[in-house]
Amino acid sequence: MTNELRGLQPQHPTLYQLAPDGASLEFLFAQCPACGKLAFPANVPGCSHCGDPLSNAGKVARPGGGKLLEFVTLHVPLLPGMEVPRIAADILIEDGIIEEGVMAGSDESCLRVGMALRAVAVALPGGETFACRFVPAEGAAR
Ligand SMILES: [Zn+2]
């Protein structure tokens, strides 16, 4: 299964890439040369912390994940072809950076606000791309 993912392209290559383990994702940030903080995604037109244009910013890959801020289960497809039910979440992926993500699976019962999440790659139908999904970071710890 991991070998399958390695042959696929990211659905959003400016946002994330496959991590060396072949299953997790790394998020792509720009490191601001002015304030040193991370901005997301790497091609964002300006630093969200200090407003620097980021023209000389370096690209930084960090293990993808974050903190679950809130989530809601969608039962109606908002776009044609969207699989439902799906759990949409607001996730704090880095200090001061909140992104909308999709949880793997549709079982809300294992989720709670404030828990740590990990980003993993999930192959999309068609066999050419993978998407970003979030799973609880703690495995047996519950
Ligand atoms: Zn900055």
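Residues numbered from 1 in each chain as written. Predicted model: local features only at pLDDT ≥ 70, side-chain atom pairs only at ≥ 80, totals over all residues. Heavy atoms only, no water.

A.B. asks: Before we go on, may I ask you to explain the coordination of the zinc ion in this structure?
C.D. replies: Every protein donor of the zinc ion is accounted for by C32 (SG), C35 (SG), C47 (SG) and C50 (SG), and the metal-donor separations fall at 2.3 Å. If you look at the zinc ion, its four donor atoms make angles of 106 to 115 degrees with each other, and the shape they trace is tetrahedral. All donors of the zinc ion come from a single chain, and their spacing in sequence reads C-x2-C-x11-C-x2-C. Here C35 is found in the loop between β3 (25-31) and β4 (38-39), whereas its partner C47 is found in the loop between β4 and β5 (58-63), with 12 residues between them in sequence. (Donors = N, O, S within 2.8 Å, 3.2 Å for Na, K, Ca; no water. Tetrahedral: all angles 85-135°; square planar, octahedral: opposite > 155°, others 65-115°. Helix = DSSP H or I, 4+ residues; strand = E, 2+ residues; numbered from the N terminus.)

A.B. asks: What is the right way to read the sheet that holds strand β1 (residues 9-10) from this model?
C.D. replies: Two strands in a sheet stick together by hydrogen bonds in their backbones, pointing the same way (parallel) or opposite ways (antiparallel). Read across the open sheet, the six strands follow the order β1-β10-β9-β6-β7-β8; overall the sheet is mixed. Here the strands that pair on one side only, and so sit at the sheet edges, are β1 and β8 (97-102). (Pairing = 2+ DSSP bridges.)

A.B. asks: Please clarify how the layout of surface pockets should be interpreted in this entry.
C.D. replies: Counted as a void, the largest pocket has a volume near 630 Å³. Around the largest pocket, the lining is made up of 26 residues, and of these R86, E100, V102, C132 and R133 lie nearest the centre. Elements with a minimum of two residues in the lining of the largest pocket: β6 (65-74), β7 (86-94), β8 and β10 (129-136). For the lining of the largest pocket, the class distribution of residues is 17 nonpolar, four polar and five charged. (1 Å grid on protein atoms, 1.4 Å probe; cavity = no way out; pocket = protein on both sides within 12 Å on 5 of 7 lines; lining within 4 Å. Points joined across faces, edges and corners; volume = space filled by probe spheres on them. Nonpolar A, V, L, I, M, F, W, Y, C, P; charged D, E, K, R; others polar.)

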